Amino acid sequence: MTPGAGRGAGAAPRSVDVARLAGVSQKTVSRVMNDEPYVSADVRRRVLAAAEELGYRSNNAARALASGRTRSIGVVTLGTALYGPASLLMGVERAVRDTGYALRVVNTMEGERAGIAGAVDSLLDQGVDGIVISEPIDEADGADLSARVDVPVLVLGAPPPITASHVVTAGIVSSQMARAATEHLLELGHATVHHLAGPQRWYSARDRLDGWREALAAHGRAEPPVVEGDWSAASGYTAGRELLADPGVTAVFAANDDMAIGLIRALTEAGRRVPQDVSVVGFDDIPVAAYVTPPLTTVRQPFDAMAQDGLKLLVHAIENPQAHPLPMTDPPVELVVRASSAPPPPR
């Protein structure tokens, strides 16, 4: 008898069909599909091969009814095409696929009142088992969710003030990376480093400003006035025109790569060479950073690693609510040194 015989033509394959083809019990198929331990590698391989051959998909809805969980994870994120938030969301999507959970995304809009709380309520109404908050913007009303959130919450990156029954965090604090970028310029011999900051409503922009200040203070260097942009290359260009008024500027740390690229354009148009006259360091390591002129020194954000590590913590908290949290190790800060940074010009 061929697999699936006895069922109606075109009927979806069942776990019993997979078990028959793989030569194992139906319980073993369930263990493999639920990624449970105590299944040998050979048996796991046979079951997965049989499932693929039959086109079998595990019935998440039935498992949800049996377990009281929907096997879905909700994500709250800012609705933006900016490189950082968009890259982190893509990293979360890839990481969630590996967990066997479904993903549900709710976007907030910049300037939306109580956006995080509303997005979380929407996800809770959908019955998600856990929530990821990747929300980079401060809200005037804060985000005290403790009264209504009874599922684990993962906060990625620079955290808003979330209060809930079970909160885990993942990701390098931006201030550590900003400090590394600033110290790189100081170690090249620059007397001080100017900062082109991001919009201060963003937690990450504040963190990068703090890291820059910490590095200058640790080295006993003067803190120049801060110029603020809006993350765009155009705002970096405008900031560059402003910084040109000070002939003493020899090094600038920009809070993201787009602003750094706009800054370099303004400096180049004015005859200030990069890096011979002014060194520039960015933040993010966007794909084009290695191909601008000159190639941009920058801090690389480990978006995929942050998402994978964070989802591991969140799934552990969902499936082992009484267990201690998994240990978390921050990935190392990665400064990518290219041609836009060099020692200062001779006095």
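Before reading further, recall that the structure is shown in the block above.
Conventions adopted
Residues numbered from 1 in each chain as written. Predicted model: local features only at pLDDT ≥ 70, side-chain atom pairs only at ≥ 80, totals over all residues. Heavy atoms only, no water. Pairing = 2+ DSSP bridges. Helix = DSSP H or I, 4+ residues; strand = E, 2+ residues; numbered from the N terminus. Contact = heavy atoms within 4.5 Å. Axes fitted to C-alpha atoms, helices over the stretch in contact; angles between N-to-C directions. Expected span 1.5 Å × (residues − 1).

Sorry, what's going on with the sheet that holds strand β10 (residues 251–254) here?
The strands making up a sheet are joined through hydrogen bonds of the backbone, oriented either antiparallel or parallel. Read from one edge to the other, the open sheet built from 6 strands follows the order β9-β8-β10-β11-β12-β13, with strand pairing classed as mixed. Edge positions in the open sheet fall to β9 (227–228) and β13 (334–336), since each of these has one partner strand only. Relative to strand β12 (residues 297–300), strand β11 (residues 279–284) runs parallel, the two being bridged by 4 bridges. Each residue of the ladder has a partner; that of Val-281, found in β12, is Thr-297. Each of β8 (194–197), β10 and β11 is contacted by helix α8 (residues 203–218), which is oriented at about 175° to β8, the strand it contacts most.

Please explain helix α5 (residues 83–99) as it appears in this structure.
The first and last C-alpha atoms of α5 sit 25 Å apart over 17 residues, in line with the 24 Å expected at 1.5 Å per residue. The elements touched by buried residues of α5 are β1 (72–78), β2 (102–108), β3 (130–134), β5 (153–156) and α11 (303–319). One or two positions beyond α5, positive phi appears at Gly-100, with a value near 85°.

Please clarify how the sheet that holds β5 should be interpreted in this entry.
With parallel pairing, 5 strands are arranged side by side in an open sheet as β2-β1-β3-β5-β7. Each edge of the open sheet is held by one strand with a lone partner, namely β2 and β7 (167–170). Here the average twist between neighbouring strands, direction ignored, is 20°. Contacts from helix α6 (residues 115–125) reach β1, β2 and β3 within the one sheet, and its direction differs from that of β2 by about 150°. Those strands touched by α11 are β1, β3, β5 and β7, and its axis lies near 165° from that of β5.

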